[in-house]
Amino acid sequence: MFLNNMDELDLKNELIEYGKALGFGIIKVTDVKPFDLWKNSIENIKSLDPSTSDSWDKRGMVHDVKDILPSANSIIVAVFPYVPYEVKFPNGYGSYSAHYKYYPIGHESMKKLGEFLIQKGYRAIIDAPFSLKSAANRAGVGYFGKNGVIHTKAYGSFITLHSILTDAKLPADGSMDGISDCGQCSICVNSCPTGAIGPNGAIIQSRCVRYNMHSSDFIPVDIREKIGQRLLGCDICQMVCPRNKMYKDKYVLPPWDEVSPFNIKSLMANWDRGLKGQLSDMGDIIGKNFARAQRILSTAVIIAGNSKDESYIPYLEHTLVHPHPPIRGHSAWAIGRIGGSRGLKILKEALKCEKHPKVLEEIRDGIDNIVI
Ligand code: B12
Ligand code: SF4
Ligand code: SF4
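Residues take numbers from 1 onward in each chain, read along the sequence in its written order. Ligands are numbered from 1 and chains lettered from A, in the order in which they are written. The model is predicted, so local features are restricted to residues of pLDDT at least 70 and side-chain atom pairs to those at 80 or more, both for listing and for counting; the totals for chains, interfaces and linings are taken over all residues. Neither water nor hydrogens contribute to the side-chain values; these are computed over all heavy atoms in the structure.

Engineer: Describe in detail unusual backbone geometry, supporting the description with residues and values.
Structural biologist: The phi dihedral of Asn-200 falls on the positive side, at around 55°, and the residue is not glycine. Only DSSP runs of H or I reaching four residues or more are called helices, and only runs of E reaching two or more are called strands; each is numbered from the N terminus. Considering the arrangement of structural elements, one finds Asn-200 in the loop between α6 (187-191) and α7 (209-212). For Asn-200, a relative accessible area of 80% puts it in the exposed group. For the exposure calls, accessible area comes from a 1.4 Å probe over protein chains only, and a residue counts as buried if that area is under 20% of its type's maximum, exposed if over 50%, partly exposed in between.

Okay, structure coming up:
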């Protein structure tokens, strides 16, 4: 028995050592008890935000990890820290959160850590669909913030979280001494541009900019305006958090080759010739799943509208005939937002041939609101 415990501890130490070499800042272990608080929180969020209730079923997340691996004994939680990006990229380029650059890197590193366990004869499932934040809190990694993400002492909340579900019996770390240490602070709640932060760190998805981004549907107008120049991700509720003060004045821009594929005009100009090259370059950075033509273009059009820059008008005229109705609707809105007589003429022409009722509504609104 003693020898077994020592073996388990040695295995854990070896894992931690290898994990640190792979770039992880924190590696901890928790047990496989069901995440009951998470389950209740999901029910709560469904009642607070019924319009996105279905999205939780579609995600297929489980509250009992034994539903994924019945022989599971431990959950390994790993933290991949990164330096956040500036919100403002050079003019004409959509910005993205550094989270989306580093998540795929963390995931690949986690696969290597999993491989290490597999080679030793254990089962290891990487980034399985369960609540990583709950696992992190229970493993002693950090507290929940009212902003809906976990913050750690060493790296604040600018981290990607990863997990390995395994049948290896690893010694569990102690949990945090509570769910949250936010106390009376509510800076993030008051700073969220769309009022998406509800009670107890409950994020009202239908209000969250990030949730709406890359939606394949029509995005509510007030949220379009708050998207600003962001193509993927929103970091406002983290940037204002005192737990991230170590990053103050340290936000960086990605290197130029990781900015250039996010050129908005080029996306809008070339949608009908296929965006293969540009999307593939984007996918190499933020992951193929996020670099999908229709969704990227839908947000790009909104960014063009928010720029209020008339040089986008010819590009919007081109996206105003896209086969996907929300892209046409967003284009009409963007033209109205930018304004000018050329925009008005384009909208009046579009009114003659558009058939889709929602797009027609967007065109009429654009005409009504346009400033010449
Ligand atoms: C669904 C999802 C989203 C949704 C919903 C967000 C949310 N907060 O739930 C959307 C699309 C909006 C989203 C956006 C983002 N996400 Co997200 N998302 C997820 C995902 C897949 C599941 C989260 C989940 O289960 N939510 C359901 C809610 C009900 O669960 P919960 O927050 O854990 O509920 C807890 C609280 O209610 C808490 N609680 C109970 N009582 C109290 C009391 C107090 C005072 C407090 C504070 C809390 C509290 O207990 C519950 C226990 O679980 C995870 C990955 C994963 N597999 O876990 C990533 C994840 C949470 N996302 C992440 C990130 C980075 C983001 C973004 C910052 C990305 C960006 N830059 O735009 C934004 C931030 C938005 C925000 N403010 O939360 C990271 C967070 C890393 C971290 N530091 O914790 C994760 C872990 C992905 C990853 N692998 O790194 N996301
Ligand atoms: S990610 Fe942005 S929109 Fe979503 S809760 Fe945070 S600040 Fe609000
Ligand atoms: S801003 Fe304040 S309330 Fe929000 S997560 Fe940070 S410490 Fe908690």
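Engineer: Residue-level account of the site of ligand 2, with values.
Structural biologist: For this description, a residue counts as near a given molecule or strand if any of its non-hydrogen atoms is within 4 Å of it. Every residue close to ligand 2 is listed here: Cys-192, Pro-193, Thr-194, Ala-196, Ile-197, Cys-208, Val-209, Cys-234, Ile-236 and Cys-237. Considered class by class, the residues forming the shell around ligand 2 number nine nonpolar, one polar and no charged. Residues were grouped as follows: Ala, Val, Leu, Ile, Met, Phe, Trp, Tyr, Cys and Pro as nonpolar; Asp, Glu, Lys and Arg as charged; and all remaining residues, including Gly, as polar.

Engineer: Give me the environment of His-324: which residues, what numbers.
Structural biologist: Its location among the elements puts His-324 in the loop between α13 (313-319) and α14 (325-338). Along the primary structure His-324 and Ser-298 are separated by 26 residues, whereas in three dimensions their C-alpha atoms are 9.1 Å apart. Here a residue-residue contact requires only that any non-hydrogen atoms of the pair lie within 4.5 Å. Every residue in contact with His-324, bar those within four places of it in the chain, is listed here: Ser-216 and Gln-294. A distance of 3.0 Å separates a polar atom in the side chain of His-324 from the backbone oxygen of Ser-216. Identification of polar contacts relies on pairs of N or O atoms within 3.5 Å, with a donor-acceptor requirement for protein atoms, meaning one able to donate a hydrogen and the other able to accept it, and with residues adjacent in sequence counted only if both atoms are side-chain atoms.

Engineer: Residues and numbers for the site of ligand 3, please.
Structural biologist: Surveying the vicinity of ligand 3 reveals the residues Gly-145, Lys-146, Asn-147, Cys-182, Cys-185, Ile-187, Cys-188, Cys-241, Pro-242 and Arg-243. Partitioning the shell around ligand 3 into residue classes produces six nonpolar, two polar and two charged.

Engineer: Account for the packing of aromatic side chains, naming residues and giving values.
Structural biologist: Aromatic pairs are defined between Phe, Tyr and Trp rings, using the six-membered ring for Trp, whenever the two ring centres lie within 6.5 Å; interplanar angles under 30 degrees are classed as stacked, those over 60 as edge-to-face, and all others as tilted. Under the definition given, this model contains 14 aromatic pairs. Seen from their ring centres, Tyr-85 and Phe-89 are 6.4 Å apart, and the 65° between their planes marks the pair as edge-to-face. For Tyr-85, a relative accessible area of 4% corresponds to the buried category. On the numbers, 5.7 Å between centres and 85° between planes, the contact of Tyr-85 with Tyr-96 is edge-to-face. Here the residue Tyr-85 occupies a position in the loop between β2 (74-81) and β3 (95-96), and Tyr-96 occupies one in strand β3, the gap between them amounting to eleven residues. In this pair, the class of Tyr-85 matches that of Tyr-96, namely buried. The rings of Phe-24, Phe-80, Tyr-82, Tyr-102, Phe-158, Tyr-247 and Tyr-251 are connected pair by pair, giving a single aromatic cluster. Here, a charge over a ring means that NZ of Lys or CZ of Arg falls within 6 Å of the ring centre while also lying within 35 degrees of the ring normal. A cation sits over an aromatic face here: Arg-59 above Trp-56, 5.5 Å from the ring centre.

Engineer: Outline the pattern of salt bridges, supporting the account with residue identities and numerical values.
Structural biologist: Criterion for a salt bridge: a side-chain nitrogen of Lys or Arg within 4 Å of a carboxyl oxygen of Asp or Glu. Scanning the entire structure with this criterion turns up 17 salt bridges. Arg-138 serves as the salt-bridge partner of Asp-31, at 2.9 Å between the closest nitrogen and oxygen. Of the two residues, Asp-31 is situated in the loop between β1 (26-30) and α2 (36-48) and Arg-138 in helix α5 (residues 132-138); the sequence distance between them amounts to 107 residues. Owing to a relative accessible area of 17%, Arg-138 belongs among the buried residues under this scheme. A salt bridge links Lys-101 to Glu-258; its shortest N-O distance comes to 3.0 Å.

Engineer: Tell me about empty space enclosed by the protein, and please be specific about residues and values.
Structural biologist: A water-sized probe rolled over the atoms picks out the places where empty space is left. Buriedness for pockets is judged along seven lines, at least five of which must meet protein on both sides within 12 Å for an open set on the 1 Å grid over protein atoms alone, while cavities are sets there where a 1.4 Å probe fits but cannot get out, and lining residues have an atom within 4 Å of a point. Grid points are joined across faces, edges and corners, and a volume is the space filled by probe spheres set on the points. The final tally for this structure, using the stated rule, is one cavity of 30 Å³ or more. A volume near 90 Å³ is recorded for the largest cavity. For the lining of the largest cavity, the secondary-structure elements that each account for two or more residues are β3, β8 (230-232) and α9 (236-239). In the lining of the largest cavity, the residues fall into seven nonpolar, three polar and three charged.

Engineer: Any details on the nonpolar core? Residues and values, ideally.
Structural biologist: Within this scheme, the nonpolar core is defined by two criteria: the residues are buried Ala, Val, Leu, Ile, Met, Phe, Trp, Tyr or Cys, and they are joined through side-chain atoms within 4.5 Å. Tyr-96, Met-268, Met-282 and Leu-316 are the most contacted members of the largest nonpolar core, which totals 57 residues. Take this core: its biggest share by element is seven residues, from helix α12 (residues 293-307). Counting contributing residues per domain, this core is built from domain 1 (1-254) and domain 2 (255-372), each supplying no fewer than three. Among the nonpolar cores identified, the runner-up in size contains 26 residues, and Phe-35, Trp-56, Ile-159 and Leu-161 belong to it. What marks off one domain from the next here is an automatic or database domain assignment.

Engineer: Can you lay out the side chain of Ser-163 for me, pointing to particular residues and giving the numbers?
Structural biologist: Among the structural elements, Ser-163 can be located in strand β7 (residues 159-166). Overall, the relative accessible area of 0% leaves Ser-163 in the buried class. Setting aside chain neighbours within four positions, we find Ser-163 in contact with Ile-75, Ile-76, Met-110, Ile-125, Ile-126, Asp-127, Ala-128, Phe-130 and Leu-132.

Engineer: Which residues make up helix α15 (residues 341-353), and what values do they have?
Structural biologist: Inspection of α15 places Gly-343, Leu-344, Ile-346, Leu-347 and Ala-350 among the buried residues, and these make up the whole buried set. Along α15, the residues classed as buried sweep out an arc of 160° about the axis, all on the same side. For α15, the exposed residues set more than 90 degrees away from the buried face come down to Ser-341, Lys-345 and Lys-352. In this context, the arc is that of the directions from the helix axis out to the C-beta atoms.

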